[in-house]
Amino acid sequence: MITNTELEHRGNLFPGKVISFSQNVDKINFTTENGVILQITILRGSVVRFRFATDDNFEKDFSYAISEDGARGYSKLEVTEKVNQYDIITSRIKIVINKNDLKATILDLEGNVICKDDWGFHWEQSYEFGGNIVKMSKSAPQGECYYGLGDKPMHLNLKGKRVENWATDQYAFSKDQDPIYKSVPFYVGLHEERAYGIFFDNTFKTFFDFCHERRNVTSFWAHGGEMNYYFFYGPNMQEVITRYTDLTGKPELPPLWALGYHQCKWSYYPEKKVKEVTSKFRKLKIPCDGIYLDIDYMDGFRCFTWNKEYFPDPKRMVAELAEDGFKTVVIIDPGIKIDKDYWVYNEAMENDYFCKRADGPYMRGKVWPGECFFPDFTNPKVREWWSGLFKELIDEIGVKGVWNDMNEPAVMEVPGKTFPDDVRHDYDGHPCSHRKAHNIYGTQMAKATYEGVKKFAYPKRPFIITRSAYSGAQRFTSSWTGDNVATWEHLWIANIQVQRMCMSGMSFTGTDIGGFAEHPTGELYARWIQLGVFHPFCRTHSSGDHGNQEPWTFGEEIVDVTRKFVELRYQLLPYLYTMFYEYAEEGIPMLKPLVLYDQLDTQTHYRTDEFIFGNQILVCPVQEPNAKGRRMYIPRGNWYNYWTREYIKGGLEHWVDADLDCIPMFIKEGSIIPKYPVQQYVGEKKIEQLNLEVYYKLGNKEVSKVFEDAQDGYDYMKGRFSLRTFSFTGKENEIIIQQHKNGTFITTYETFKIEFIALPFTIGEIEIDNEVVPLTKVNFDAKNNTIVVPKGFSELHITAV
Ligand code: GLC
């Protein structure tokens, strides 16, 4: 047992005895004899902020991550002083602060310990940089599990790992490599059925240790800034994540086309090549909405310019692509070429918008265009200027989305692959060094880009994608997982990373399908597209170094598999859009790892491969070559195999057949799954009918939702959406489907085509809103068990012959 005195000898300092206490509405301050202040802020009954100062002195309170729109308010707050402790009680938790050492214990109202300080807050002074290395350690009871932390390419359950947050351009990263592109200092702990979360809102380099150094301890620390963390109580894991997402912000809805399929490569040029690719998609009838221009569309890699030799008339080309249903997305990197004949460079120089080194020179670094300077995106004036630069691209040329890359920021051929520590940043009026601004740089670039694209795309919605991100980036942008590799191991990583991002508040994420570096076999590509269509963002991308990665380059069999799965994604668009709506409205993760789906089932705690797409579709990718299927865990409840419609009981491992043209996929019983007809791109067809697949369930009600709107624009914010809530009740000889509709949007179709799956009886009579309707009037098709009914019903009652 190491004592505090021994630790002090190692340079660690600890809070002393509490000497004073005060409360100002939602803020409770404790001061210790050695100048430590702990400020506890009650944001909600289950969301509490802990902030520590040393030398009696807090920094100015500022955060890029916290959203202004988050819910605030609590119904109860009681603070009581006792002999050795203070008790703080909200409507959901009790916090005990020890008067001797400032340690905190957080309990639920039944007295179960949820999270308890081990050494609690301690720190080391940093002579080199000033300030402190701030540290927190908490007890880790046996069996506790840990999830979250963004894009870490390692086991979903982080128990036993130590990880670092420092945004890094990590080409061809490997399994367990750390850190990579993103920095999301948020994790969820789960112990004895109860979940809580911790968000350490500190943009310096941070570390998290989950029982790696000491078996019974988790800790987190930062190379500067304050010990400033938010605690979220569940006990339900999904609530922990929705509360974190509420605090750090939710996205607006993307245009529906952004949920379609995207095709990318480094790079498609000249114009003729782009057209060849897009035409081939249409010819082979593989649906596709997004087509990307990587860096070669620019003139010498100068952002906001065009290579006129390759793209003589971008406006015409973009319009022609749009005619054919393609939305053009272009890349924009942060590095601005040092070139006196380049207007972007000149404007930034005239206005002093580039980052500088500590002693005054500009931050100079090499990226694709050669020697560059870099805008300081942490300066609001720079963001304003940057957003204005998109006028021509968006407003005049008609580009629909912008892809922000290299924004860790990446610098070539230098140690650390990024800016040196001494680079200065404005940090929105809180001047600092790169040590503090590094992890937020990419998010601020994406924010500036988002604001520009939004302004010029209006009244349509913007689409932004970024590589680097910090907590809160989900308010502005989607993301992808960077430069992965065309290997089977990376398919495993891809599955984990997207699930993890969903648990970290950033659901709108995907991977480079097929792998960016190297070249996949047709089989690997097929298995990857089968997974990719279930990721919120779905794009094939490759470096192009080792051959092409369009579906047809792998031969006819793979084209067929790709078409089948991309078509499935397009059919499921209303389901996917509803998932997005629930994410945007309530912060509900779009994909749910099994532990998030059923935390009470300990079988799920170490599962990595299976996940729930939305709320009702279970998916498990095949991740090995030559497979004819795989073993997988089916979570508790009863399910239907989507392909065979076979009924299967959960809570057990099963072998599931899945030839190359199939992925294990199950529908939860009682679900009503909405589908659109296959379209080659979003908006190609007017939706004449909504298909509903009804999966029979005996017993308890099951609720399904369908969200629809104009698929773009902001009318949905004014109530012009249609949210249908269906509840299904199944008995032995009858079923009842009730519908409730919210919102004022009128959908384009008049009828639903309903297909009954696994109905245990033959349909004899149908009542719509209590009136019997002849079977012929609802086009009853006995062979397929389908009917067609008007969309406006409140209750559908179906009974056996
Ligand atoms: C980076 C990006 C990659 C892009 C390439 C060229 O490696 O991660 O997606 O294609 O740069 O712009």
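Residues numbered from 1 in each chain as written. Predicted model: local features only at pLDDT ≥ 70, side-chain atom pairs only at ≥ 80, totals over all residues. Heavy atoms only, no water.

Caption draft 1: Highlighting the overall build of the chain. Scanning the chain from terminus to terminus reveals 13 helices and 51 strands. Expected size for 801 residues packed as a compact globule is a radius of gyration near 28 Å; at 27 Å, the chain falls within 12% of this value. When its C-alpha atoms are laid out on the principal axes, the chain stretches across 85 × 70 × 50 Å. Across the 801 residues that make up the chain, the buried fraction comes to 63%. Considering only contacts within the chain whose residues lie at least 6 apart along the sequence, 68% involve residues at least 24 apart. Each charge class in the chain can be summarised by its mean position, and for the 93 positive and 110 negative side chains these summaries are 1 Å apart. (Helix = DSSP H or I, 4+ residues; strand = E, 2+ residues; numbered from the N terminus. Rg over C-alpha atoms; globule rule 2.2 N^0.38 Å. Buried < 20%, exposed > 50% of the residue type's maximum accessible area, 1.4 Å probe, protein only. Contact = heavy atoms within 4.5 Å. Lys, Arg positive; Asp, Glu negative; His and termini not counted. Charge placed at Lys NZ, Arg CZ, Asp CG, Glu CD.)

Caption draft 2: View of the packing of helix H10 (residues 522-532) against helix H11 (residues 556-571). Where H10 meets H11, the axes come as close as 9 Å, and the angle between the chain directions of the two elements is 5°. Classified by the angle their axes make, H10 and H11 are roughly parallel. Contact residues: H10 offers Gly522, Glu523, Tyr525, Ala526, Ile529, Gln530 and Gly532, while H11 offers Ile558, Val561, Thr562, Phe565, Val566 and Arg569. Looking at the contact of H10 with H11 residue by residue, the class counts come to seven nonpolar, four polar and two charged. (Axes fitted to C-alpha atoms, helices over the stretch in contact; angles between N-to-C directions. Parallel < 35°, antiparallel > 145°, perpendicular 65-115°, else oblique. Nonpolar A, V, L, I, M, F, W, Y, C, P; charged D, E, K, R; others polar.)

Caption draft 3: Focus on the side chain of Glu523. Summarising the element assignment, Glu523 is placed in helix H10. Among buried charged residues, Glu523 stands out as having no salt bridge; its nearest opposite-charge side chain is Arg527, 5.0 Å away. When neighbours within four sequence positions are excluded, Glu523 is seen to be in contact with Trp488, Ile558, Glu624, Pro625, Asn626, Ala627 and Leu660. (Salt bridge = Lys/Arg side-chain N within 4 Å of Asp/Glu carboxyl O.)

Caption draft 4: Molecular detail of the UniProt feature "domain: DUF5110" (unreviewed entry) in the chain. Here the UniProt feature "domain: DUF5110" (unreviewed entry) sits at residues 689-757. Helix makes up 0% of residues 689-757 and strand 61%. Its end C-alpha atoms lie 19 Å apart. (UniProt positions renumbered as here; feature names shortened; annotations may be inferred.)

Caption draft 5: Representation of the layout of surface pockets within the structure. Of the volumes computed, that of the largest pocket is approximately 900 Å³. Taken together, 36 residues make up the lining of the largest pocket; nearest its centre are Ile66, Ser67, Glu68, Asp69 and Arg475. Contributions of two or more residues to the lining of the largest pocket are made by strand E3 (37-44), strand E18 (227-233), helix H8 (434-457) and helix H12 (573-586). In this structure, the second largest pocket is lined by 37 residues; those nearest its centre are Glu59, Phe204, Gly224, Gly225 and Glu226. Looking at the lining of the second largest pocket, the elements that each hand over two or more residues are strand E4 (47-53), strand E9 (113-125), strand E10 (132-139), E18, strand E27 (432-433) and H8. Looking at the lining of the second largest pocket residue by residue, the classes come out as 12 nonpolar, 15 polar and 10 charged. (1 Å grid on protein atoms, 1.4 Å probe; cavity = no way out; pocket = protein on both sides within 12 Å on 5 of 7 lines; lining within 4 Å. Points joined across faces, edges and corners; volume = space filled by probe spheres on them.)

Caption draft 6: Here's a closer look at the UniProt feature "domain: Glycoside hydrolase family 31 N-terminal" (unreviewed entry) in the chain. Within the UniProt annotation, "domain: Glycoside hydrolase family 31 N-terminal" (unreviewed entry) is assigned to residues 38-209. Within residues 38-209, the helical portion is 0% and the strand portion 49%, while the C-alpha atoms at the span's ends are 23 Å from each other.

Caption draft 7: Structural context of the packing of helix H3 (residues 271-284) against helix H4 (residues 314-323). It is at 11 Å that the axes of H3 and H4 come closest, and there the two elements cross at 5°. What the angle tells us is that H3 and H4 run roughly parallel. The segment H3 lies against H4, with Glu271, Val274, Lys275 and Thr278 engaging Arg316, Met317, Glu320 and Leu321. Of the residues belonging to the contact of H3 with H4, the class tally is three nonpolar, one polar and four charged.

Caption draft 8: Broad picture of empty space enclosed by the protein. In total, this model carries four cavities of 30 Å³ or more according to the counting rule given. Space inside the largest cavity adds up to approximately 170 Å³. Among the residues forming the lining of the largest cavity, the class breakdown is 11 nonpolar, three polar and three charged. Empty space within the second largest cavity amounts to approximately 50 Å³. Thr466, Ala469, Ala473, Gln474, Thr477, Ser478, Ser479, Met506, Phe508, Thr509 and Tyr583 together form the lining of the second largest cavity. For the lining of the second largest cavity, the class distribution of residues is five nonpolar, six polar and no charged.

Caption draft 9: Main features of the sheet that holds strand E46 (residues 734-742). Taken in spatial order, the six strands line up as E44-E45-E46-E51-E48-E49 in an open sheet, and their pairing is antiparallel. The open sheet is flanked by strand E44 (699-708) and strand E49 (771-773), the only strands paired with a single partner. On average, each strand axis in the sheet is tilted by 20° relative to the strand beside it, whichever way the strands run. As defined by bridge partners, strand E48 (residues 763-768) adjoins E49 across three bridges and the pair is classed as antiparallel. Across the sheet, the residue bridging to Ile766 is Val773, located in E49. Packing against the sheet, H12 makes contact with E44 and strand E45 (722-730), and its axis sits at approximately 90° to E44. (Pairing = 2+ DSSP bridges.)

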